[in-house]
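The residues making up each chain are set out below.
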Amino acid sequence: MKWLVLLGLMALSECIVILPLRKMKTLRETLREKNLLNNFLGEQAYRLSKRDSKITIHPLRNYLDMAYVGNITIGTPPQEFRVVFDTGSADLWVPSISCVSPACYTHKTFNLHNSSSFGQTHQPISISYGPGIIQGFLGSDTVRIGNLVSLKQSFGLSQEEYGFDGAPFDGVLGLAYPSISIKGIIPIFDNLWSQGAFSEPVFAFYLNTCKLEGSVVMFGGVDHRYYKGELNWIPVSQTRYWQISMNRISMNGNVTACSRGCQALLDTGTSMIHGPTRLITNIHKLMNARHQGSEYVVSCDAVKTLPPVIFNINGIDYPLPPKAYITKAQNFCLSIFHGGTETSSPETWILGGIFLRQYFSVFDRRNDRIGLAPAV
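Undergrad: Looking at this structure, I do not really get the overall build of the protein. What am I missing?
TA: Broken down by element type, the protein carries seven helices and 30 strands. Per-residue burial for the protein yields a buried fraction of 59% across its 376 residues. Across the protein, the fraction of contacts at a sequence separation of at least 24, relative to all contacts at a separation of at least 6, is 70%. Just so you have it, the protein exposes about 15400 Å², and 51% of that area is on carbon and sulfur atoms.

Written as structure tokens, this is what we have:
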């Protein structure tokens, strides 16, 4: 139970449950170190949102870059799993002991026979995340996030997994709206809310920039020590994903994207920033970045000279400094901007962990809004 260290904190007279998160090496980084990244991306095309009666596809992330993970338990007695706390999806799933895919051999699996509180629905499921897919069945059991307990929680159990080999997590815990959950399942956050686990239906993320330790997700309130100044509240524009309206994106006082306004999704399930390929290419030209394989290489010295990329949201500027949007990989530097969202709408942006490391984020379900403030 190493990661389930709880801090009893009080804010606004409400108890906050704080769960430590750990920053892991992403699958993208692992594949790059082994010179396998380009081959992998060539074989696994990036896909965006798609939905039909047989399959539910949750995009909004390139799971290669899922990096912040924490532990939960499922069953009686508890079985522990490392999961991504993902605002870009609404479903909880972990591998089943009956999973036959190689990826399951390197991850913890749930043994339903060892849990006295397990209930099986016999409903098949299939969920796709970008280039990865899981197939299996639904079950229900007691799920614990720290000392939060969700009784008879429906969740997925994978029997086949494709594309998750080497992933630094066992499963995914979705925190988006119930309107995008599979089979009409009530997501765990909504179950906890209805069961009275907390009076304030909010959760928040503090993602540490550099250290492996120190990142947290908190439920039921906000610990003000994790941010500076006041929270700026932004209305959710669609209650499916955590989607907001953005005014523009600029560099050096010039609008470089989102010139007529656009939509953005705050997604803790990816570390990158994704946008329409054409506009991402324009931003890379301003960085003097060169295309290399599946990525854009930038001079490491550019960190000293390039301006911040400024996201204007609800009239407030949120600068992203070059030290944040240029990352070092082995002996060279890369841009964290990636294209590919143009297939879902004319202009949609996905703001992942790189953005959220700079800004403490609060997700308020009661008022359908997101609060942002500079992280400490």
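Undergrad: Can you walk me through the sheet that holds strand 17 (residues 248-251) in this structure?
TA: Within a sheet, neighbouring strands are paired by backbone hydrogen bonds and run either parallel or antiparallel to one another. In space, the four strands of this open sheet follow the order 18-17-23-24, with antiparallel pairing throughout. Taken across any chain shown, the strands that pair with only one partner, and hence form the sheet edges, are strand 18 (254-257) and strand 24 (316-320). Taken over all neighbouring pairs, the strand axes of this sheet differ in orientation by 35 degrees on average, direction set aside. Direction of pairing for strand 17 relative to strand 18: antiparallel, over a ladder of three bridges. The partner of Met251 across the bridge, within strand 18, is Asn254. In the packing of helix 5 (residues 277-286) onto the sheet, contacts are made with strand 17 and strand 18, and the angle to strand 18 comes to roughly 135 degrees.

Undergrad: Help me understand the nonpolar core in this model?
TA: As a rule of thumb, nonpolar side chains are buried together in soluble globular proteins. Counting residues in each nonpolar core, the largest one holds 75 residues, and the members touching the most others are Phe85, Phe311, Phe337 and Trp349. Setting aside chain neighbours within four positions, we find Phe85 in contact with Leu19, Leu21, Tyr68, Gly70, Ile72, Ile145, Leu173, Leu175, Phe205, Val217, Phe219 and Thr268.

Undergrad: Sorry if this is basic, but what is going on with the state of the cysteines here?
TA: Here is the idea: a disulfide is a covalent bond, and it sits between the sulfur atoms of two cysteines. Enumeration over the complete set of coordinates arrives at three disulfides. Between Cys258 and Cys262 runs a disulfide, and the two sulfur atoms are separated by 2.1 Å. Handedness of the Cys258-Cys262 disulfide follows from its S-S torsion of about -105 degrees: it is left-handed. Across the pair, exposure class does not vary: Cys258 and Cys262 are buried alike. Paired through a disulfide, Cys300 and Cys333 show a sulfur-sulfur distance of 2.0 Å. Across the S-S bond linking Cys300 and Cys333, the dihedral sits near 105 degrees, which makes this disulfide right-handed. Of the two residues, Cys300 is situated in the loop between strand 22 (295-298) and strand 23 (309-313) and Cys333 in strand 26 (residues 332-335); the sequence distance between them amounts to 33 residues. Residue classification places Cys333 among the buried positions, given a relative accessible area of 6%.

Undergrad: Looking at this model, I keep getting lost on the side chain of Ser128. Mind explaining?
TA: Tracing the backbone through its elements, the reader meets Ser128 in strand 8 (residues 119-129). Looking at Ser128, its side chain comes within polar contact range of the main-chain oxygen of Gly132, at 3.3 Å.

Undergrad: In this structure, what is going on with the pattern of salt bridges? I would like to understand it.
TA: Opposite charge on two side chains makes pairing possible when the charged atoms of those side chains draw close. If you walk through the whole model with that rule in mind, you get four salt bridges. Notably, a salt bridge pairs Glu80 with Lys108, separated by 3.9 Å at the nearest N-O pair. In this pair, Glu80 sits in strand 6 (residues 79-86) while Lys108 sits in the loop between helix 3 (102-105) and strand 8, placing the two residues 28 residues apart along the sequence. Of the residues examined, Lys108 reaches a relative accessible area of 42% and is grouped as partly exposed. The salt bridge involving Asp190 is made with Arg365; its shortest N-O contact spans 2.7 Å. Placement of the pair is Asp190 in helix 4 (residues 188-194) and Arg365 in the loop between strand 29 (359-364) and strand 30 (369-374), with a sequence separation of 175 residues. Residue Asp190 shares its accessibility class with Arg365, and that shared class is buried.

Undergrad: Which parts of the structure should I look at to understand helix 5?
TA: Because each turn of an α-helix spans 3.6 residues, side chains separated by three or four positions in sequence point in the same direction. For helix 5, every residue scored as buried is listed here: Leu279, Ile280, Ile283 and His284. The buried residues of helix 5 occupy an angular sector of 145 degrees when projected down its axis, which confines them to one face. Turned more than 90 degrees from where helix 5 packs its buried face, Arg278 and Lys285 sit exposed. Trailing helix 5 by a residue or two, Asn288 shows a phi angle of about 60 degrees, which is positive.

Undergrad: Please explain the pairing of strand 25 (residues 326-329) as it appears in this structure.
TA: Look at any regular strand and the pattern is simple: side chains alternate between the two faces of the sheet. Where strand 25 meets strand 26, four bridges bridge the pair, whose relative direction is antiparallel. Paired with Ile326 across the strands is Ser335, a residue of strand 26. Hairpin remark: strand 25 followed by strand 26, antiparallel, with two residues in the connecting loop; positive phi at Gln330, about 55 degrees.

Undergrad: Quick question: what am I supposed to make of the side chain of Asp91 here?
TA: By the element assignment, Asp91 lies in the loop between strand 6 and strand 7 (92-95). When its relative accessible area of 3% is taken as the criterion, Asp91 is described as buried. Within polar-contact distance, the side chain of Asp91 engages the backbone nitrogen of Ile182 at 3.0 Å.

Undergrad: Would you take a moment to explain the environment of Lys228 for this structure?
TA: One can find Lys228 in the loop between strand 13 (215-219) and strand 14 (232-235). Here the alpha-carbon distance between Lys228 and Ala375, two residues 147 residues apart in the chain, equals 6.2 Å.

Undergrad: Before we go on, may I ask you to explain the packing of aromatic side chains in this structure?
TA: Aromatic ring pairs: the centre-centre distance and the angle between the two ring planes describe each pair. Evaluation of the coordinates by the stated rule reveals 27 aromatic pairs. When the centroid spacing of 5.6 Å and the interplanar angle of 75 degrees are considered together, the rings of Trp93 and Phe164 count as edge-to-face. Here Phe164 lies in the loop between strand 10 (148-162) and strand 11 (171-174) and Trp93 lies in strand 7, a separation of 71 residues in the sequence. Here Trp93 matches Phe164 in class, with each residue buried. Ring geometry for Phe203 and Phe363: centres 5.0 Å apart, planes at 10 degrees, overall stacked. Here Phe203, found in strand 12 (residues 202-206), pairs with Phe363, found in strand 29; they are 160 residues apart in sequence, far enough to count as distant.

Reading guide: rules and limits
- Residues numbered from 1 in each chain as written.
- Predicted model: local features only at pLDDT ≥ 70, side-chain atom pairs only at ≥ 80, totals over all residues.
- Heavy atoms only, no water.
- Helix = DSSP H or I, 4+ residues; strand = E, 2+ residues; numbered from the N terminus.
- Buried < 20%, exposed > 50% of the residue type's maximum accessible area, 1.4 Å probe, protein only.
- Contact = heavy atoms within 4.5 Å.
- Areas by Shrake-Rupley, 256 points an atom, 1.4 Å probe, with all protein chains shown as cover.
- Pairing = 2+ DSSP bridges.
- Axes fitted to C-alpha atoms, helices over the stretch in contact; angles between N-to-C directions.
- Core = buried A, V, L, I, M, F, W, Y, C linked by side-chain atoms within 4.5 Å.
- Disulfide = S-S within 2.5 Å.
- Polar contact = N/O pair within 3.5 Å; in protein donor to acceptor, adjacent residues only side chain to side chain.
- Salt bridge = Lys/Arg side-chain N within 4 Å of Asp/Glu carboxyl O.
- Arc of directions from axis to C-beta.
- Phe/Tyr/Trp six-rings, centres within 6.5 Å; stacked < 30°, edge-to-face > 60°.

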